[in-house]
Amino acid sequence: MPAKSNSVKNKKIIIANWKMNPSSSKEAEALFKTLLKNLDRTKASVVICPPSIYLERLYKISKKIPLGLQNIYFGGEGASTGEISGNMAKNSGAKFVILGHSERRAMGEDSDTISKKIKTALYVGLTPILCIGEKIRDESHEHFSVIKAQLEGALAGVTKSYVPEIIIAYEPVWAIGNQAMREARPEEFREVAIFIKKTLSDKFGIDSAGKVKIIYGGSVHPKNVSSFITDGGVEGFLVGRDSLNAKKFIEIINLTDSLS
Ligand code: PGA
């Protein structure tokens, strides 16, 4: 696999997951332009992941904010109705791709498919943002085995030299979106991040594992970013709802910068 890197290694990274929003390219452009005006000198790396249909349009407006998709297909171009290949994503301006998001897992995407997509992304030079996270937490601490299985499944067959290219987003499903049961605590992130590093280290060695960026996602908003940085030690955020609100998203970035 050819080595490619989007050089975000030493910075915090803040990724906007616009999900299936907004409903028109006009609104997407307006939001993107507002962000462009306000994010000229950020210390953190900011990445916008719009719906694929808007990506090239945004790429043509400006190349200052790197873009990503929210999914790709695992095979090359051909007879796969409705899908978008890694090369298409790359050639349209994407540098990143969110893979394994819980909303896609809920649609039936399994570890085997996610693993193929991770390898496709690495092959074409897209940085995969691999989402992992348990659906529930209980006293038996089952979530550790869920996270381990998701990691091992998604990274099956990935060569260890490529592991540092992958960003891992820990997104406990119970803390995501309007239906969140509660917010995650920074300490909970810290504990899982250590577990992720240990799992990666056992499989790929400490050198590769040590270079992997682990970020947090799930109801990130301006009021909790600071504690996730200071108490949770996060290396970045994957932001859903609040990435659609320019004021809040800019605030999240500014707060992150002020603590970096
Ligand atoms: P949320 O979504 O910030 O709206 O909870 C995060 C995500 O699903 O990536």
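Residues numbered from 1 in each chain as written. Predicted model: local features only at pLDDT ≥ 70, side-chain atom pairs only at ≥ 80, totals over all residues. Heavy atoms only, no water.

J.: Talk me through the overall build of the chain; I want residue IDs and the actual numbers.
T.: Secondary structure summary: the chain contains 10 helices and 8 strands in total. For 260 residues, the compact-globule estimate of 2.2 N^0.38 gives 18 Å, and the chain sits close to it at 17 Å. For the chain, the C-alpha atoms occupy an extent of roughly 50 × 45 × 35 Å along the three principal directions. Relative to its 260 residues, the chain shows a buried fraction of 53%. (Helix = DSSP H or I, 4+ residues; strand = E, 2+ residues; numbered from the N terminus. Rg over C-alpha atoms; globule rule 2.2 N^0.38 Å. Buried < 20%, exposed > 50% of the residue type's maximum accessible area, 1.4 Å probe, protein only.)

J.: Break down the nonpolar core for me, with residues and values.
T.: Taken as a class, soluble globular proteins show a tendency for nonpolar side chains to be buried jointly. Core analysis: the largest hydrophobic core is formed by 68 residues, its most contacted members being Leu35, Ile48, Ile196, Tyr216 and Phe237. A total of 7 residues in this core trace back to one element, the largest contributor, which is helix α7 (residues 186-204). The next biggest cluster of nonpolar side chains, apart from the first, holds 12 residues, and it includes Val47, Ile129, Ile167 and Ala169. (Core = buried A, V, L, I, M, F, W, Y, C linked by side-chain atoms within 4.5 Å.)

J.: So what's going on with the environment of Lys117? Residues and values would help.
T.: Inspection of the secondary structure puts Lys117 in helix α5 (residues 111-124). The buried category is assigned to Lys117, whose relative accessible area is 4%. Taking the C-alpha atoms as reference points, Lys117 and Gly75, separated by 42 residues in sequence, lie 8.0 Å from one another. Setting aside residues up to four positions removed in sequence, Lys117 forms contacts with Asn71, Ile72, Tyr73, Phe74, Leu99, Arg104 and Glu109. (Contact = heavy atoms within 4.5 Å.)

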